[in-house]
Amino acid sequence: MAFAPMGPEPSFFQALDQHRASLLAALRRGGGGEPAGVGTRLASRFEDSVGLQMVSHCTTRKIKSDSPKSVKNFALILKILSMIYKLVQSDAYATKRDIYYTDSQLFGNQTTVDNIINDISCMLKVPRRCLHILSTSKGLIAGNLRYMEEDGTKVHCSCATAVAVPSNIQGIWNLITDAKFLLIVEKDATFQRLLDDNFCTKMSPCIMITGKGVPDLNTRLLVRKLWDTFHMPAVTLVDADPHGIEIMCIYKYGSMSMSFEAHNLTVPAVRWLGLLPSDVKRLNIPKDNLIPLTRRDQMKLDSILRRPYVACQPCWRREMEIMADSNVKAEIQALTFLSSDYLSGVYLPNKLKFGGWI
């Protein structure tokens, strides 16, 4: 557990008191009827300026204290709530992993703890950082950026090596950069290749970040913090496949599972730099370097095309329709057919110079 320099967040206690008052009021109205439960989220609405947001007053599930099916989950929620209360009261922080290992036999697995923490955050309508529970970061960042961590440690990112995304984004301060843009890279392998090719140095000043696939909470929070602080252009480099598009949409519009925290996680200004399906066609990448769409890929692509935010992105829709019509996908590594350094030496510099994003 790490100690934070700031005072405890009052919003947690306020939210807890409000929720307790609403439960007591419900019990009085019911005259001792249905026991109190915990409502959780699944329904969302879309707003172009924010992304996917939880629909207010939408209860999709109840965890009851007297139901044999949910009594254990109800007890686990109360246990974790008591741990959160102590953390906030003492102004200390813990990771989700710390919570799990306090009684691994009781919780059973890490997923149980993760889901309960999300439910509590949603139930109280507070960001997870207000619960003083942190996630272990998997993301990496490199380029023109300096900042101070909560304990006063100076972090100086460089163009040659990457540093881990901090675990407490709220705690970092005094961010300094001259970067002209932020490049969000889908895969760690691509990120490392760009580092090896000295892309950051060649295109300096810039910042690169990767969530190593589907981004964790801290990576998304850091992308949002960089946008809020510097308002620099943010562009994504993902595979030309439904999975890559999905990851880009998470950065830009958020996800259903975290829609209750959309205001802190989404960056609607994110643009799609590459790899575009139209680029695959334009560059005449051989069929041997392309991969047929699987049935799962087709279902994912159809699902994305039906989402409300695609209506706001006609250029994105056209690109996805090109993919659907061709029935093939392409990884970024397919560009090595043209030359080993085509991605860092030609493709990205030209796209950035001539505005090849959508």
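Provided above is the structure to which this section pertains.
As a starting point, this report considers the structure included with it. If you're wondering where the values come from, they're calculated on a predicted model, not measured in any experiment. (Residues numbered from 1 in each chain as written. Predicted model: local features only at pLDDT ≥ 70, side-chain atom pairs only at ≥ 80, totals over all residues. Heavy atoms only, no water.)

### Describing the overall build of the protein
The test is simple: In this text, helices come from DSSP runs of H or I with a minimum length of four residues, and strands from runs of E with a minimum of two, each type numbered from the N-terminal end. Relative accessibility thresholds used throughout: buried, under 20% of the residue-type maximum; exposed, over 50%; partly exposed, between the two (1.4 Å probe, protein chains only). A contact between two residues is defined here by any heavy atoms of the two lying within 4.5 Å. Note that accessible areas follow from Shrake-Rupley with a 1.4 Å probe, and for residues the cover is restricted to the protein chains shown.
What the protein contains, in helices and strands, is 14 helices and 18 strands. Across the 358 residues in the protein, those meeting the buried criterion constitute 51%. The contacts in the protein between residues at least 6 apart in sequence include a share of 75% that link residues at least 24 apart. Total accessible area on the protein stands at roughly 16800 Å², and carbon and sulfur atoms take up 53% of it.

### Notes on the side chain of Lys96
Within the secondary structure layout, Lys96 lies in helix α3 (residues 96-102). Given the relative accessible area of 16%, Lys96 is considered buried. Sequence-distant contacts of Lys96, that is, excluding residues within four places in its chain, are made with Gln110, Val113, Asp114, Ile117, Arg128, Ile133, Leu134 and Ser135.

### Examining helix α14 (residues 342-354)
This is how it is decided: To get the bend at any residue, fit one axis to the seven residues that end at it and another to the seven that begin at it, then take the angle between the two axes.
Residue Leu348 marks the point of greatest curvature in α14, where the axis turns by about 30 degrees; the proline Pro349 follows within four residues. Taken residue by residue, α14 has Tyr342, Leu343, Ser344, Tyr347, Leu348, Pro349, Lys351 and Leu352 as its buried positions. Where α14 is buried, its residues contact β13 (182-185), α6 (188-196), α7 (199-202), β15 (234-237), β16 (271-274) and α11 (277-282). A positive phi of about 70 degrees marks Gly355, the residue just after α14.

### Re the pattern of salt bridges
Note the following rule: When a carboxyl oxygen of Asp or Glu lies within 4 Å of a side-chain nitrogen of Lys or Arg, that pair is called a salt bridge.
Taken as a whole, this structure holds 10 salt bridges when the rule is applied. For Glu246, the salt bridge goes to Lys300, with nearest N and O atoms at 2.6 Å. Of this pair, Glu246 sits in helix α9 (residues 242-253) while Lys300 sits in helix α12 (residues 295-305), and the two are 54 residues apart along the sequence. Given a relative accessible area of 14%, Glu246 falls into the buried group. Of the charged contacts in the structure, one is a salt bridge between Glu246 and Arg307, with a shortest N-O distance of 2.7 Å. One end of the pair, Glu246, is in helix α9; the other, Arg307, is in the loop between α12 and α13 (314-326), and 61 residues separate them in sequence. Through salt bridges with shared partners, a single ionic network connects Glu246, Lys300 and Arg307.

### Things to note about the packing of aromatic side chains
Here is the rule: What counts as a ring pair is set by centres within 6.5 Å for rings of Phe, Tyr and Trp (its six-membered ring), and what kind of pair is set by the plane angle: stacked under 30 degrees, edge-to-face over 60, tilted for all other angles.
Throughout the structure, instances matching the rule amount to 4 aromatic pairs. Their ring planes at 65 degrees and their centres at 6.3 Å tell us that Tyr253 and Trp316 sit as a pair that is edge-to-face. With Tyr253 in helix α9 and Trp316 in helix α13, the pair connects residues that are 63 residues apart, well separated along the chain. In terms of burial, Tyr253 and Trp316 fall into one category: buried. Each member of the aromatic cluster is reached from another via a ring pair, and the members are Tyr253, Trp272, Tyr309 and Trp316.

### Quick notes on the sheet that holds strand β8 (residues 140-143)
Our working rule: Strand pairing is assigned whenever DSSP detects at least two bridges linking the two strands. Lines fitted to C-alpha atoms define the axes here, with helix axes fitted over just the stretch in contact, and angles between the N-to-C directions of these axes take values from 0 to 180 degrees.
Read across the open sheet, the 6 strands follow the order β11-β8-β14-β13-β15-β16; overall the sheet is mixed. In this open sheet, the two edge strands, each paired with only one partner strand, are β11 (163-164) and β16. Inspection of the sheet shows β8 paired to β11 by 2 bridges, in the antiparallel sense. When the sheet's bridge partners are listed, Ile141 is paired in β11 with Val163. Contacting β8, β13 and β14 (207-210), helix α8 (residues 217-230) crosses the sheet at an angle of about 155 degrees to β14.

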